[in-house]
Each structure stands twice: as structure tokens, then as C-alpha cells.
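This is what each chain is made of:
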Amino acid sequence: KTMLKGFKKTCDNGKTTAGIVKVLIAKKGTITAATMDTADPEAYKSLTMKAGEGFVKYEFMEDECEFQENYKTENGITSVEQKLIFKLPGMTPETRNAVEEIAVASACGLEAAVCRKGKVQIVGYDEEFKSERPLRLNATTGTTGKKLTDAAGEEITLSRETTEKARYYVGEESALTPTPAE
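All of these numbers come straight from a predicted model, not from anything done at the bench. (Residues numbered from 1 in each chain as written. Predicted model: local features only at pLDDT ≥ 70, side-chain atom pairs only at ≥ 80, totals over all residues. Heavy atoms only, no water.)

This part takes up helix 1 (residues 93–106). Its 14 residues place the ends of helix 1 20 Å apart at the C-alpha level, agreeing with the 20 Å of an ideal helix rising 1.5 Å per residue. Inspection of helix 1 places Thr 95, Ala 98, Val 99, Ile 102 and Ser 106 among the buried residues, and these make up the whole buried set. Viewed end-on, helix 1 has its buried residues packed into an arc of 95 degrees, placing them on one side of the element. Away from its buried face by more than 90 degrees, helix 1 exposes Pro 93, Glu 94 and Val 104. Along its buried surface, helix 1 packs onto strand 4 (56–58), strand 6 (77–89), strand 7 (110–116), strand 9 (136–143) and strand 10 (153–162). (Helix = DSSP H or I, 4+ residues; strand = E, 2+ residues; numbered from the N terminus. Expected span 1.5 Å × (residues − 1). Buried < 20%, exposed > 50% of the residue type's maximum accessible area, 1.4 Å probe, protein only. Arc of directions from axis to C-beta. Contact = heavy atoms within 4.5 Å.)

Attention now goes to the pattern of salt bridges. Counting across every chain of the model gives nine salt bridges. With a closest N to O distance of 3.4 Å, Glu 127 and Lys 130 form a salt bridge. On the basis of relative accessibility, which here comes to 35%, the residue Lys 130 falls in the partly exposed class. Here Glu 164 makes a salt bridge to Arg 167, at a shortest N to O gap of 2.8 Å. Its relative accessible area of 13% is what places Arg 167 among the buried residues. (Salt bridge = Lys/Arg side-chain N within 4 Å of Asp/Glu carboxyl O.)

Here the focus is the environment of Asp 40. Along the polypeptide, Asp 40 turns up in the loop between strand 2 (31–36) and strand 3 (44–49). In sequence terms Asp 40 and Leu 24 are 16 residues apart; their C-alpha atoms lie 23 Å from each other.

All chains considered together, the criterion is met by zero disulfides. Not engaged in a disulfide, the cysteine Cys 65 finds its nearest cysteine sulfur in Cys 115; these two sulfurs lie 9.7 Å apart. (Disulfide = S-S within 2.5 Å.)

Before going further, it helps to spend a moment on the pairing of strand 5 (residues 65–74). Pairing of strand 5 with strand 6, which is carried by 10 bridges, proceeds in the antiparallel orientation. Of the residues in strand 6, the one forming a bridge with Thr 73 is Thr 78. Between strand 5 and the antiparallel strand that follows it, strand 6, lie two residues; Asn 75 among them carries a positive phi value of about 55 degrees. (Pairing = 2+ DSSP bridges.)

Moving on to the pairing of strand 7. Counting buried positions over the seven residues of strand 7 gives six, a clear majority of the element. In this sheet, strand 7 lies alongside strand 1 (residues 22–27) in antiparallel orientation, the contact comprising six bridges. Bridge assignment links Lys 27 to a residue of strand 7, and that residue is Leu 110. In terms of strand pairing, strand 7 meets strand 8 (residues 119–123) through five bridges, oriented antiparallel. Across the sheet, residue Arg 116 finds its bridge partner in strand 8, namely Lys 119. Between strand 7 and strand 8, which pair antiparallel and follow one another directly, the connecting turn spans two residues, one of which, Lys 117, has a positive phi of 45 degrees.

To continue, consider the side chain of Thr 95. Counting through the fold element by element, Thr 95 comes out in helix 1. Here the side chain of Thr 95 touches Thr 92 through a polar contact of 2.8 Å, landing on its backbone nitrogen. Discounting residues that sit within four places of it in the chain, Thr 95 has contacts with Leu 88, Pro 89, Gly 90 and Glu 154. (Polar contact = N/O pair within 3.5 Å; in protein donor to acceptor, adjacent residues only side chain to side chain.)

In C-alpha cells, the structure reads:
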């Protein structure tokens, strides 16, 4: 049996300003193991990654990235749908190549680190399934816009269904990206 623990509002958690500042994406299986934090046993303290691999940064338009988690219960089974939606600026050869790169890698699956104001959530890897239920490309929409003031861009939606909310990563963010070979 699990006891409810409740939630206490404090000045620290009362600031609910949204806004993702960075999205880091890796191929499925980049994370090979995770160590839980002793101070917060629901958060990852460190992630072990395949040698020479790590997350890469995808830059998006300001205020055009969102991470969603939606709990649902069906036939007595609870699941969590996770969606990462972000918009690359412009419809250019570079955005085309980025969309193609994500689409091809998505066939096997993706893992992501969603970074917002000092907090990092790991998506596409969890304790129950590890890397076996990764993020996959759900949709991509490229638009030139209609009016002069419309922004052109490629909106990418990655999603997955799992059994738990994304865990926070409390280790060093720099440990998520590989050091370039010299």
C-alpha cells in the first residue's frame, strides 16, 4: 500500500513560471543506466551513457516549446502520455535536415532532456521500461505562414505513453552532452 503524502505549497514551489529554455535529444539507448538521488529518491542523480554518445541541442523559436504530461485511466490501468512540442525557426534547408534527422532516428526511438530554469526532466527513459518505451515522432508541420507577420517554421511533436511522470535530473547538465573528440 502507498500512503498519500500530500503537497505543501511554499514560496519556492509557488513560482510556476513556465518556459523551456533548452531541448537536448539523443537516440534510444544512449542512457544505459540511471542512479537515483539519495536526497530525492524520485530524481536521477546521474545518468550513465554509451561511450562517446550524449544528448545534442535543438534550438527552437523563443516561447515555442512545451512539454505536456497527461494522466489517463482506461480499464483500471493508469498511463501517462508525454508530449514534447517545439518549433524550429524558418523553412530552410537546415530545418528540413533537422526534421529528417529526427524522423529517421525516431524510427528506433529518442530520449530527451527538457531544460527549464534550472530544472531538467528526462523523457523517453524511465524506471519501469528503461529505454523500451522511447519518444517517437508523432507529427511535424512546416508552414510558411500566410501573412507578412506570420512566423515560418517546422513544428515537431514527439510523444510516448508510459506508466510514470518524467523524473527530474539533479546532476550536472554539462554531463548530458558529450565532449568533442580532439
